[in-house]
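Inside the fold
What follows is each chain in one-letter form.
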Amino acid sequence: MITKIYIENFKGFRAFEMDLNDDLNIIVGNNEAGKSSILEAIGLVLTKRIGGRLLEGELAAFLFNKKVVDEYLGRIWKGERPPLPRIAIEAYLAETEAVSAFRGSHNHEKSDAIGVRLEVAFNDEFASDYGALLAHPAEIKALPTEFYTVHWRTFGGAPLTPRGMPLGLSYIDATAIRLQSGTDFYLQSIINSGMEAKERAALSVAYRGLKEKFADEAAIKAINEKLTQRKGAITDKDLAIGIDVSQKSNWEASLIPHLDDLPFHLIGKGEQSALKIMLALERQASDAHIILIEEPENHLSFSSMQKLIAKIQEKCKGKQIILTTHSAYVLNKLGMEKTILLHNGSTTSLNRLPPETEKYFKKLSGYDTLRIILAERSILVEGPSDELIVQRAYRAKHGHPPADDGVDIINVRGLSFPRFLDIAKELGKSVCVVTDNDGDYQGKIVERYRPYDDCKTIAIHADADEDARTLELQIVKCNKLEILNKILGTAHADKTALGEFMVKNENKTESALKIFESDEEIVYPKYIQDAL
């Protein structure tokens, strides 16, 4: 298994290091954070391939960190002679007999360790050519990758070959797996595993016979007669159309998968995605030690996602899985304690969450925990009506929605506040809680949130007035009766009647929605203003 990955000057990473769990690793992060690049880097260092092709044939400037390339070009244009930037990727491996010969200190730390290093560096054989290029710096518009070579070695310094790599890798990206027509390994493997040699031979003979009959069709004969009449115009030989019956053109190259009589490319995208992942796992997981999976949730409903996750867990037992996702459902179901947050080129792990919090989100996996993980700042509220009021209050104070400032207002359904705060505390996230006192300020607020008193990034906002135990009663307390009647379209004679109306379950969200949509200015409770 990989214990640590190091990436230098590859794509968005200038100098990046990440520790890995030996079983499951769930990498989350915003778009463009570099999740896919990490999987690519792991694939590169273990196979020397990118996109299924050898790196030597795919070397291009875009593989290098853009800032590093820009700095290099800037120095060249100033007349300097800086060294060409390099790419280095290292995989540190757990000690086993299979990789014991990979021990050495040929790594960026110069430490005694077991691992593999891939380096894209200047090839000294091109020193004179590169020198000639530097004589005209203004003509250098891009990184001259033609002067590079690829070194793939163990930490002991020994060159590596694919045959000498004992670690099996499976890289599964449903968007990149071709499974529509033509030669298809996955379909072939399913058919071949279910047929004996005689059956395969019979299928080949039958398929060949069908192709040979094609030329005997009356319509085809008529077309070929016309083509023969044009002999000499195109070629001096007889020209005719037919189906390739050579040995290379066989039934395996023409069959496409069908599900319930529908060709594969016509079934739903979710079904396609799930089938591709499962076929890839079926083929590769048995031989692989490390499984890389790119966003398995694509196009899937919750029920389909649950089935797929169960299959991934079943097929990948005993393997090291490194998976990227944008789905809180996948995150919760597979285990938040295995989550690695990727943010601004660094990582934070959630492996120190309280066990009861981990179990809570696994059992109740519908919570959008990914929002609090990815948000810069969050305000947690306990229901949809609270969310609407806080959204409206934010807009009234700042003149725009909270999302414009990177603030996410999240409805976490009251009882789970501490669970979300455990995540925030672990990640050092800036979080405010806006909550009711429910008529027991000491018990519901002071005692309940005491474990977070020492956390400087977490703030609890509630009003101590136990007579105004809910947000609705707080709104009534702060505002004039006639203003609220106007907004809600009611005609209550006093605030007591209005408060009783607003706190009824059937009126809570509707009342909040009318306040949210109204252009009337109202006064918001102080504890909400403090949170904003």
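Up top is the structure these notes are about.
A short tour of the structure in this document, coming up.

What counts and how
- Residues numbered from 1 in each chain as written.
- Predicted model: local features only at pLDDT ≥ 70, side-chain atom pairs only at ≥ 80, totals over all residues.
- Heavy atoms only, no water.
- Core = buried A, V, L, I, M, F, W, Y, C linked by side-chain atoms within 4.5 Å.
- Buried < 20%, exposed > 50% of the residue type's maximum accessible area, 1.4 Å probe, protein only.
- Helix = DSSP H or I, 4+ residues; strand = E, 2+ residues; numbered from the N terminus.
- 1 Å grid on protein atoms, 1.4 Å probe; cavity = no way out; pocket = protein on both sides within 12 Å on 5 of 7 lines; lining within 4 Å.
- Points joined across faces, edges and corners; volume = space filled by probe spheres on them.
- Nonpolar A, V, L, I, M, F, W, Y, C, P; charged D, E, K, R; others polar.
- Pairing = 2+ DSSP bridges.
- Axes fitted to C-alpha atoms, helices over the stretch in contact; angles between N-to-C directions.
- Parallel < 35°, antiparallel > 145°, perpendicular 65-115°, else oblique.
- Left-handed = near helix turned anticlockwise from the far one by under 90°.
- Contact = heavy atoms within 4.5 Å.
- Salt bridge = Lys/Arg side-chain N within 4 Å of Asp/Glu carboxyl O.

1. As for the nonpolar core
- Counting 52 residues, the largest nonpolar core has Phe10, Ile38, Leu46, Leu55, Leu93 and Val120 as the members making the most contacts within it.
- In terms of residue count, the dominant contributor to this core is helix H1 (residues 35-47) (7 residues).
- Judged by nonpolar contacts, the second largest core, of 49 residues, contains Ile172, Tyr360, Val412 and Val433.

2. A short note on the layout of surface pockets
- Approximately 300 Å³ is the volume found for the second largest pocket.
- Residue lining of the second largest pocket: 18 residues in total, with Glu32, Ala33, Gly34, Lys35 and Ser37 positioned closest to the centre.
- At the level of secondary structure, the elements contributing two or more residues to the lining of the second largest pocket comprise strand S2 (13-19) and H1.
- Broken down by element, the residue count for the lining of the second largest pocket peaks at 4 residues, all from S2.
- Taken together, the residues of the lining of the second largest pocket sort by class into 4 nonpolar, 10 polar and 4 charged.

3. Thoughts on the side chain of asparagine 437
- Within the secondary structure, asparagine 437 is located in the loop between strand S19 (430-434) and helix H14 (441-447).
- Relative accessible area serves as the criterion here: at 1%, asparagine 437 is assigned to the buried category.

4. So, the pairing of strand S1 (residues 2-10)
- The element S1 is extensively covered by neighbouring structure, given that 8 of its 9 residues are classed as buried.
- Judged from the 6 bridges that link them, S1 and strand S6 (residues 87-93) form a sheet pairing that is antiparallel. Bridging from a neighbouring strand, lysine 4 pairs with tyrosine 92 of S6.
- Of the pairings in the sheet, the one linking S1 to S2 comprises 6 bridges and is antiparallel in character. Following the sheet pairing, glutamate 8 is matched in S2 by alanine 15.
- Taken together, S1 and the strand that follows it, S2, pair antiparallel across an intervening segment of 2 residues, in which lysine 11 is found at a positive phi of about 50 degrees.

5. A word on the packing of helix H12 (residues 384-398) against helix H18 (residues 505-517)
- Interhelical geometry of H12 versus H18 gives an angle of 15 degrees and a closest axis separation of 8 Å. As judged from the angle between their axes, H12 and H18 are roughly parallel. Both H12 and H18 take part in a crossing whose hand is left-handed. Between H12 and H18, the contacting residues are Pro384, Ser385, Leu388, Ile389, Gln391, Arg392 and Arg395 on the first element and Lys508, Thr509, Ala512, Leu513, Ile515 and Phe516 on the second.
- Looking at the contact of H12 with H18, its residues break down into 7 nonpolar, 3 polar and 3 charged.

6. Some words on the sheet that holds strand S20 (residues 458-461)
- The strand order across the open sheet built from 4 strands is S18-S17-S19-S20, with neighbouring strands paired in parallel fashion. The open sheet is flanked by strand S18 (407-411) and S20, the only strands paired with a single partner. Neighbouring strand axes in the sheet, compared pairwise and without regard to direction, differ in orientation by 20 degrees on average.
- With 4 bridges connecting them, strand S17 (residues 377-381) and S19 associate as parallel partners. By the bridge assignment for S19, arginine 377 is matched with serine 430.
- In this fold helix H13 (residues 417-427) packs onto S17, S19 and S20, with an angle of close to 165 degrees to the strand it touches most, S19.

7. Comments concerning unusual backbone geometry
- Backbone geometry at lysine 11 places phi at a positive 50 degrees, although glycine is not the residue there.
- Mapping lysine 11 onto the fold places it in the loop between S1 and S2.
- Not every positive phi belongs to a glycine, and aspartate 438 is a case in point at roughly 55 degrees.
- Residue position: aspartate 438 is located in the loop between S19 and H14.
- Aspartate 438 sits in the partly exposed class, given a relative accessible area of 42%.

8. Describing the sheet that holds strand S10 (residues 169-173)
- Read across the sheet, 6 strands follow the order S10-S13-S14-S3-S15-S16 without closing on themselves; strand pairing throughout is mixed. Of all strands in the sheet, those bounded by a partner on one side alone are S10 and strand S16 (346-349). For this sheet the average axis-to-axis angle between neighbouring strands, irrespective of direction, equals 20 degrees.
- With 3 bridges joining them, strand S3 (residues 24-28) and strand S15 (residues 339-343) adopt parallel strand pairing. Looking across to S15, one finds that isoleucine 26 is bridged to threonine 339.
- Against the sheet, H1 touches S3, S10, strand S13 (290-294), strand S14 (320-324) and S15, its axis set at about 150 degrees to S13.

9. Here's the deal with the pattern of salt bridges
- Tallied over the entire structure, the rule returns 23 salt bridges.
- A salt bridge links arginine 53 to glutamate 58; its shortest N-O distance comes to 3.0 Å.
- Judged by relative accessible area, which is 46%, arginine 53 ranks as partly exposed.
- Residue glutamate 58 is classed as partly exposed on the basis of its relative accessible area, which comes to 26%.
- With its nearest N and O atoms 3.1 Å apart, the salt bridge here joins aspartate 465 to lysine 477. In this pair, aspartate 465 sits in the loop between S20 and helix H15 (471-478) while lysine 477 sits in helix H15, placing the two residues 12 residues apart along the sequence.
- Relative accessible area serves as the criterion here: at 39%, lysine 477 is assigned to the partly exposed category.
- One network of salt bridges, in which partners are shared, links Glu8, Arg86, Glu90, Arg117 and Glu119.

10. Thoughts on the environment of alanine 493
- In this structure, alanine 493 sits in the loop between helix H16 (481-488) and helix H17 (495-503).
- Sequence spacing of alanine 493 and glutamate 482 is 11 residues, and the spatial spacing of their C-alpha atoms is 9.3 Å.

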